[in-house]
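The primary structure of each chain is shown beneath.
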Amino acid sequence: MAEEPVAGILLEGLKRVEYRGYDSAGMATISDGSLAVRKGVGRVSEIERARRLSELPGNIGMAHTRWATHGGVTDENAHPHASCGGLVAVIHNGIIENYIPLKKGLSSRGHRFRSETDTEVVAHLIEDEYKRTRDPLRATLATTKRLKGQYALAVLFQDRPDVMVGARKDAPLIVGVGQEKMFLASDVLAFIEHTDRTIFLDNFEVAEITKDRVRIVGPGGREVKRKPTQVAWELSDVSKSDFAHYTLKEINEQPRTVLSASVQEPGKVEEFARAIRKAKSVYITASGTSYHAGLLMKFRLNKEAKVRADTVVAGELKEHKGFLGKGSVVVVFSQSGETADVMDAVKEAKKRGARVYSVVNAAGSTLARESDGVLLLNCGPEVGVAATKSFTAQVVVANMVVDAVLGKKRSNGFKELSEAVTEALKCDEQVRDLAEKYKHRTDFYFVARGYESAVAMEGALKLKELSYIHAEGMPASELKHGTLALIERGTPVVLLNPSGELQADSLSNAEELRARGADVIGVSDAKADVYKHFIRVPKVQQKFTPIVEAIPLQLLAYHMSVARRNDPDYPRNLAKSVTVK
Ligand code: AGP
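Residues numbered from 1 in each chain as written. Predicted model: local features only at pLDDT ≥ 70, side-chain atom pairs only at ≥ 80, totals over all residues. Heavy atoms only, no water.

K.L.:
Is there a simple way to explain the overall build of the protein chain in this structure?
P.N.:
Counting its secondary structure elements, the protein chain contains 17 helices and 24 strands. For the protein chain, the C-alpha radius of gyration of 25 Å lies close to 25 Å, the compact-globule estimate for 581 residues. Out of the 581 residues belonging to the protein chain, those deemed buried represent 59%. A sequence separation of at least 24 residues applies to 71% of the contacts in the protein chain between residues at least 6 apart. Roughly 23600 Å² of accessible area belongs to the protein chain as shown, and the carbon and sulfur atoms make up 49% of that amount. (Helix = DSSP H or I, 4+ residues; strand = E, 2+ residues; numbered from the N terminus. Rg over C-alpha atoms; globule rule 2.2 N^0.38 Å. Buried < 20%, exposed > 50% of the residue type's maximum accessible area, 1.4 Å probe, protein only. Contact = heavy atoms within 4.5 Å. Areas by Shrake-Rupley, 256 points an atom, 1.4 Å probe, with all protein chains shown as cover.)

As C-alpha cells, this is what we get:
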C-alpha cells in the first residue's frame, strides 16, 4: 500500500521471493472502487508476459506465489482468491485443515466456489463477517477463530482501498513499515528494497495496515503495541553478483561464511553447552539438510563428550517423546526458522516442559523468537533452494557447542578452515566434468563411515533436490545388507573417506563396489588406486571434515542440475521454506 501505483512494486517483490519455489502466481489491486485479480501458472516472468500483472491500476494490492497443496496447478487455484460477492480477496500460505466442513456450510448458504483450494473458503467467510460488521479487522479476526490449521493471510476489501488486513498462525507474516508505504509479507526480502523496519506478528495476531499506520490486535481483540525493529541483512547480499545462479554464489561464499558463523556473542555458546550438560535428556531435531548437521553434532556429543543425545527428524518428534519432558533440552537446527515440521516439534517440546535451544540463520524468525537460547549462523540470506552455506555454518556452530561441552575454552582453527574451504572449491572444474560424464545416470550412491555418514546422506539429498536424480546416502557398512544388489557396471558411488582409523575399512567397501562394476568416486585427502575418480579435499581437523567434503558434493549437485537443464522434466517446483506439514 503506497501513494503511488503498487503493481510494479508487487511484481518486484514476487521476483524476490521466487527463489522459495512455487508453481503459479497472481496479483490483485483495488482501483476506482473495483477489485481486479490476475493470475496464472508458471514463472513470474511468463505470467507477467501473458497477464500483464504490472499494468493493474491502484495504490493498494497484493501478490502471491503458490506452491500447490490442495487442488492442482491451475489458473483458478492460483491466489488471490476473491469471494463470490467480489467484496473480499485473500492470499494465503499454509493449510486450512477444516476447509471441507467450512465449504459445505458456505455452499449451503449460497456461496459459489471457483477453485479447489482450501484458501477460497477464507475469502467467503470474511465476506460474510464483513457484510455484518463492516469492519475489516474484526471480520478477519472473527474468521480466524473458525480456522484450523496454519495460515498467513493478507486480505483486501473492495470498498476499503485504504486498508489491508493480515493474520497469522504457524506461518510467518511480517509488517514492513516504510515512508508512506506499508507492507505485509511472509519474507523480508519481498520488501527490503523499500524498508528495513519490520514488525514480526505473533501467532493469532491480526494486523490492519494503512499507508502510514499499523494496528495490531491479539486473539481476544485487545490492542498490542509493538515497535518496528531493523533487519540487518543488506540488499546487496541478495544479488547474484557475477554468478549464474544463487546456489553457485552461495557455495562460493563459504570461505567467508564458515568464519562469520564462528563469531558468536560472548557467553552464548557456553550457555548452550551448560544447558546440554545439565539436561536430563537431550534431543536434537531438524529437517532435511539441517537434520544432517544435527546428526554430526550428536556423533561428537556421544563419542567425545559422552553425552547421550537422540536425533529425531522434526516431523517425527511427536512420536518419540518417551524421554521428552521437564528438564529435557531440545537442540533445533533450522536455516529459515519457519519450517512447519520444525515449529511443530518445538510446540511439542514446549508443551512437555522442555527447553528449546536453536541454531538458526534468520534472526527474526518464529523459531528464533520462540527459543530459550539462540545461536545465529550469520551466513546472510540463503536464496538458493538448496541449503549449502547454511549447512557448513551449522557444522561450525555445532562444533563450537560440542567443544564447549567438552570444556574447551574456545574453539579455534577457523582461519585454517576458511583457507581449506577455498582450497576445496578448486575442484569446481573437475566436478563439472564428472557431472557431464554422469548426467544420464539414473541412480547415485553416497557412502561413508562414522562421522561422515551424515555427509553421505547430505550429498544424496543435495543431488536429488537439484538434479532430480535418484540418490541414496548411507553408512558404507550397510551396503552389504542389501544395496549392493543394485550396483551394476558404471553405477557412480561417491565414497567420503578421510585418512584416519576408518579409512582401511572404507577402502575394503570400495573394493567390493569395484568388484561389482561401480565407478567409485573417492573424496578424500588421500588418494587410492581403487578410486575411478579422485577428488582431493584438504586435510583438516577431523571435526571439520564434513565441511570440506560438502563442497564437492554441493558442486556435483549444482553442475549436474545445470548439465541436465535441457531435460523435459526440468525444472520442477521445490520450496525453499517448507511451511506446510
Ligand atoms: C536442503 O537443501 C533443503 N532445502 C531442505 O532439506 C531444508 O534443509 C529443510 O527443509 C529444512 O529447512 P530449514 O533449515 O529452513 O528448517
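K.L.:
I keep staring at the site of the ligand and nothing clicks. Help me out?
P.N.:
Taken together, 14 residues are adjacent to the ligand, and S290, S334, S336, T339 and E465 come closest. Contact distances for the ligand include 3.2 Å between an oxygen atom and a backbone N or O atom of T289. In the model, an oxygen atom of the ligand is placed 2.5 Å from a nitrogen or oxygen of the T339 side chain. Where the shell around the ligand is concerned, the elements lending two or more residues are α9 (288–303) and α15 (453–467). Split into classes, the residues belonging to the shell around the ligand amount to four nonpolar, eight polar and two charged. (Near = heavy atom within 4 Å. Polar contact = N/O pair within 3.5 Å; in protein donor to acceptor, adjacent residues only side chain to side chain. Nonpolar A, V, L, I, M, F, W, Y, C, P; charged D, E, K, R; others polar.)

K.L.:
Before we go on, may I ask you to explain the pattern of salt bridges in this structure?
P.N.:
A side chain with one charge can pair with a side chain of the opposite charge if their charged atoms come near. Under the counting rule described, the total for this entry stands at 37 salt bridges. A salt bridge links D202 to R226; the nearest nitrogen and oxygen atoms lie 3.5 Å apart. Taken together, the residues span a long stretch of sequence, with D202 in the loop between β10 (197–200) and β11 (206–210) and R226 in the loop between β13 (223–224) and β14 (229–230) at a distance of 24 residues. Overall, the relative accessible area of 32% leaves D202 in the partly exposed class. Linked by salt bridges that have partners in common, E208, R213, R215, E223 and K225 make up one network. (Salt bridge = Lys/Arg side-chain N within 4 Å of Asp/Glu carboxyl O.)

K.L.:
What am I meant to see in the pairing of strand β1 (residues 24–31) here?
P.N.:
Along a regular strand, successive side chains alternate from one face of the sheet to the other. The buried count for β1 comes to eight of eight residues, which makes it a mostly enclosed element. The side-chain alternation of β1 yields two buried faces, one formed by S24, G26, A28 and I30 and the other by A25, M27, T29 and S31. Where β1 and strand β3 (residues 60–66) come together, seven bridges link them in antiparallel fashion. Paired with M27 across the strands is A63, a residue of β3. For β1 and strand β2 (residues 34–41), the ladder comprises eight bridges, and the chain directions are antiparallel. From the neighbouring strand, A25 faces β2, where its bridge partner is G40. (Pairing = 2+ DSSP bridges.)

K.L.:
When you look at the sheet that holds strand β17 (residues 328–334) in this model, what are you seeing that I'm missing?
P.N.:
Strands in a sheet are paired, the pairing made by backbone hydrogen bonds, and the direction either parallel or antiparallel. Across the sheet, which stays open at both edges, the five strands sit in the order β16-β15-β17-β18-β19 with parallel pairing between neighbours. Because the sheet does not close on itself, it has two edges, and the strands there are β16 (309–313) and β19 (373–376). Adjacent strand axes in the sheet meet at a mean angle of 20° when their direction is disregarded. When β17 meets strand β18 (residues 355–360), the two strands line up parallel, connected through six bridges. Along β18, the bridge assignment pairs F333 with V359. The strands that α9 touches are β15 (281–286), β16 and β17; relative to β16, the one it contacts most, it runs at about 170°. (Axes fitted to C-alpha atoms, helices over the stretch in contact; angles between N-to-C directions.)

K.L.:
What is the right way to look at α9 in this model?
P.N.:
Every α-helical turn comprises 3.6 residues, leaving residues that sit three or four positions apart pointing alike. Here α9 spans 23 Å end to end across 16 residues, near enough to the 22 Å set by a 1.5 Å rise per residue. Within the sequence span of α9, burial applies to T289, S290, Y291, H292, A293, G294, L295, L296, M297, R300 and L301. (Expected span 1.5 Å × (residues − 1).)

K.L.:
Would you mind going over the pairing of strand β22 (residues 492–496) with me for this structure?
P.N.:
Extensive coverage of β22 is indicated by the burial of five of its five residues. Here β22 shows two buried faces, one formed by P492, V494 and L496 and the other by V493 and L495. With four bridges connecting them, strand β20 (residues 443–448) and β22 associate as parallel partners. Paired with A448 across the strands is L496, a residue of β22. Relative to strand β23 (residues 519–524), β22 runs parallel, the two sharing five bridges. Paired with V493 across the two strands is V520, which belongs to β23.

K.L.:
Looking at this model, I keep getting lost on the environment of G61. Mind explaining?
P.N.:
Topologically, G61 is positioned in strand β3. When its relative accessible area of 6% is taken as the criterion, G61 is described as buried. Along the sequence, G61 and V37 sit 24 residues apart, while their C-alpha atoms lie 9.6 Å from each other. Excluding its chain neighbours within four sequence positions, the residues that come into contact with G61 are V6, L10, A28, T29, L156 and M164.

K.L.:
Help me understand the packing of helix α13 (residues 414–424) against helix α17 (residues 545–563), please; the structure alone is not making it clear to me.
P.N.:
Packed helix pairs are characterised by how far apart their axes lie and by the angle those axes make with each other. One way to put it is that α13 packs onto α17 with a least axis distance of 9 Å and a crossing angle of 20°. Classed by the angle they form, the pair α13 and α17 counts as roughly parallel. Like other packed secondary-structure pairs, α13 and α17 cross with a definite hand, here right-handed. Within the contact between the two elements, α13 uses L417, A420, V421 and A424 and α17 uses I547, V548 and I551. Grouping the constituent residues of the contact of α13 with α17 by class yields seven nonpolar, no polar and no charged. (Parallel < 35°, antiparallel > 145°, perpendicular 65-115°, else oblique. Left-handed = near helix turned anticlockwise from the far one by under 90°.)

K.L.:
I keep staring at the packing of aromatic side chains and nothing clicks. Help me out?
P.N.:
As enumerated under the stated definition, the model contains eight aromatic pairs in all. Between F299 and Y451, the aromatic rings sit 5.4 Å apart at their centres with planes inclined by 40°, giving tilted as the arrangement. One end of the pair, F299, is in helix α9; the other, Y451, is in the loop between β20 and α15, with 152 residues separating them in the sequence. By relative accessible area, which is 27% here, F299 ends up partly exposed. Owing to a relative accessible area of 4%, Y451 belongs among the buried residues under this scheme. Considering the side-chain rings of F414 and F544, the 5.7 Å spacing of their centres and the 50° angle between planes classify their relative orientation as tilted. (Phe/Tyr/Trp six-rings, centres within 6.5 Å; stacked < 30°, edge-to-face > 60°.)

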